[in-house]
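Coordinate analysis (summary)
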Amino acid sequence: MIHFHCQKSFDGFKLDLEFKINNGEFVALYGKSGSGKSTILRLLAGFDKPNSGVISNGEQIYYNKNIFLPPQKRNIGYLFQDYALFPNMTVMQNLLFASNDLKFATELLEFIELLEFKNALPSTLSGGQKQRIALARALMRRPKILLLDEPLSALDMSLRTKLQEYLIQIHKKYSMSIILVSHDKHEIYRLASRIYEINNGKIVRSGSPKELFLSSNLDDNINLLATILEINDNTITCEHANQIYQINQTTQNRNLKVGDTITLSAKISNLKISK
Ligand SMILES: Nc1ncnc2c1ncn2[C@@H]1O[C@H](COP(=O)(O)OP(=O)(O)OP(=O)(O)O)[C@@H](O)[C@H]1O
């Protein structure tokens, strides 16, 4: 079990929180920009030192008032938004640099369906392929904990979905604890079983994705932001998610103009589902 109970201050910011994560759990840290999520990952990985507190994983103390275990002794893998592959090394060399285990590197490259690129240089790969290689490299030391700091946010939706699928399979196959920082509710809902919501250096809520995110009240509205393209006497034409809608003009819309952002609302109980 990971136990994190730390204080860390920067100018104008104070992190002070405690959480526990069971072995093999997939947990998400969710919250506004600047709330302290990346700082938590950096303290866990040993890239930064707390002012006080305790960080441990099972019997192993990562940090207390007498101990500061350096990052390379923590058995933690991490994957951030930028791929940070060595540009002058081939894909295989990048993996073997992390751990000189050719059999495992081959297994991982097969698993992420990129074995055929083992002799390629990173510069010849797409963003999604680079991120899969960076993920494989993070796994080379068979980490007990994997830290993911918005690893998919630079990728387009279809690549994100594919990478999410790999993460689900890797979590099942290698059963490490995973901590994911993400702003994306869709991603968190798909991947994590528990969420800590962080605000201003504190945990403000925790629970399952359903408990924190689900809007189950049928009287709730679903709200879509749309941009007005055209207004005439009877209709407003607007765009949302690359779809164009025409809505009957009503008297309360008189102050609207082209280019305004409007909210389209409908009751959840009135929505129809089709494929
Ligand atoms: N090395 C540092 N020196 C000074 N202030 C820092 C340092 N690292 C982080 N901070 C501050 O700590 C606060 C939390 O930053 P952190 O990067 O952890 O937030 P975050 O929740 O991960 O944000 P985001 O979602 O935008 O990545 C911010 O106010 C940030 O400016």
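Cut-off values and rules
Residues numbered from 1 in each chain as written. Predicted model: local features only at pLDDT ≥ 70, side-chain atom pairs only at ≥ 80, totals over all residues. Heavy atoms only, no water. Domains from an automatic or database assignment. Helix = DSSP H or I, 4+ residues; strand = E, 2+ residues; numbered from the N terminus. Buried < 20%, exposed > 50% of the residue type's maximum accessible area, 1.4 Å probe, protein only. Pairing = 2+ DSSP bridges. Axes fitted to C-alpha atoms, helices over the stretch in contact; angles between N-to-C directions. Contact = heavy atoms within 4.5 Å. Near = heavy atom within 4 Å. Polar contact = N/O pair within 3.5 Å; in protein donor to acceptor, adjacent residues only side chain to side chain. Areas by Shrake-Rupley, 256 points an atom, 1.4 Å probe, with all protein chains shown as cover. Nonpolar A, V, L, I, M, F, W, Y, C, P; charged D, E, K, R; others polar. Salt bridge = Lys/Arg side-chain N within 4 Å of Asp/Glu carboxyl O.

With an unreviewed UniProt entry as reference, the protein is termed ABC transporter ATP-binding protein, source organism Campylobacter vicugnae.

What the domain assignment lists for the protein is domain 1 (2-213) and domain 2 (221-270). A separation of 40 Å is found between the C-alpha centroids of domain 1 and domain 2.

Looking now at the environment of R137. If you trace the backbone, R137 turns up in helix α4 (residues 127-139). When its relative accessible area of 18% is taken as the criterion, R137 is described as buried.

Next up on the list: the sheet that holds strand β10 (residues 202-207). Paired through backbone hydrogen bonds, the strands of a sheet run either parallel or antiparallel to each other. One open sheet holds the six strands; their spatial order is β6-β7-β8-β3-β9-β10, and the pairing between them is mixed. Every interior strand has two partners, whereas the edge strands, β6 (76-80) and β10, have only one. The average undirected angle you get between the axes of adjacent strands in this sheet is 20°. Taken together, the four bridges between strand β3 (residues 26-31) and strand β8 (residues 177-181) define a ladder with parallel strand orientation. Of the residues in β8, the one forming a bridge with A28 is L180. Helix-sheet contacts for α4 involve β6 and β7 (145-149), and the interaxial angle to β6 is about 165°.

The immediate surroundings of the ligand are formed by 13 residues, with S33, G34, K37, S38 and T39 found nearest. A distance of 2.8 Å separates an oxygen atom of the ligand from a polar backbone atom of G34. A distance of 2.8 Å separates an oxygen atom of the ligand from a polar atom in the side chain of K37. Its free accessible area being 640 Å², the ligand has 60% of it covered by the protein chains. Broken down by element, the shell around the ligand gets its largest block of residues, four residues, from helix α1 (residues 37-45). Each residue belonging to the shell around the ligand can be placed in one class, and the counts come to two nonpolar, seven polar and four charged.

Let us look at the pairing of β7. The buried count for β7 comes to five of five residues, which makes it a mostly enclosed element. Here β7 shows two buried faces, one formed by I145, L147 and D149 and the other by L146 and L148. Examined bridge by bridge, β6 and β7 share five bridges and lie parallel to one another. Note on β7: the bridge partner recorded for F80 is D149. Here β7 runs beside β8; their pairing, made up of five bridges, is parallel.

Our focus in this paragraph is the pattern of salt bridges. One pass over the structure, following the stated rule, counts ten salt bridges. The salt bridge partner of D48 is R42, with a shortest N-O separation of 3.8 Å. Owing to a relative accessible area of 31%, R42 belongs among the partly exposed residues under this scheme. E113 is the partner of K162 in a salt bridge, and the nearest nitrogen-oxygen pair spans 3.6 Å. Here K162, found in helix α5 (residues 157-174), pairs with E113, found in the loop between α3 (102-111) and α4; they are 49 residues apart in sequence, far enough to count as distant. Beyond isolated ion pairs, a larger network of salt bridges with shared partners links K8, R42 and D48.

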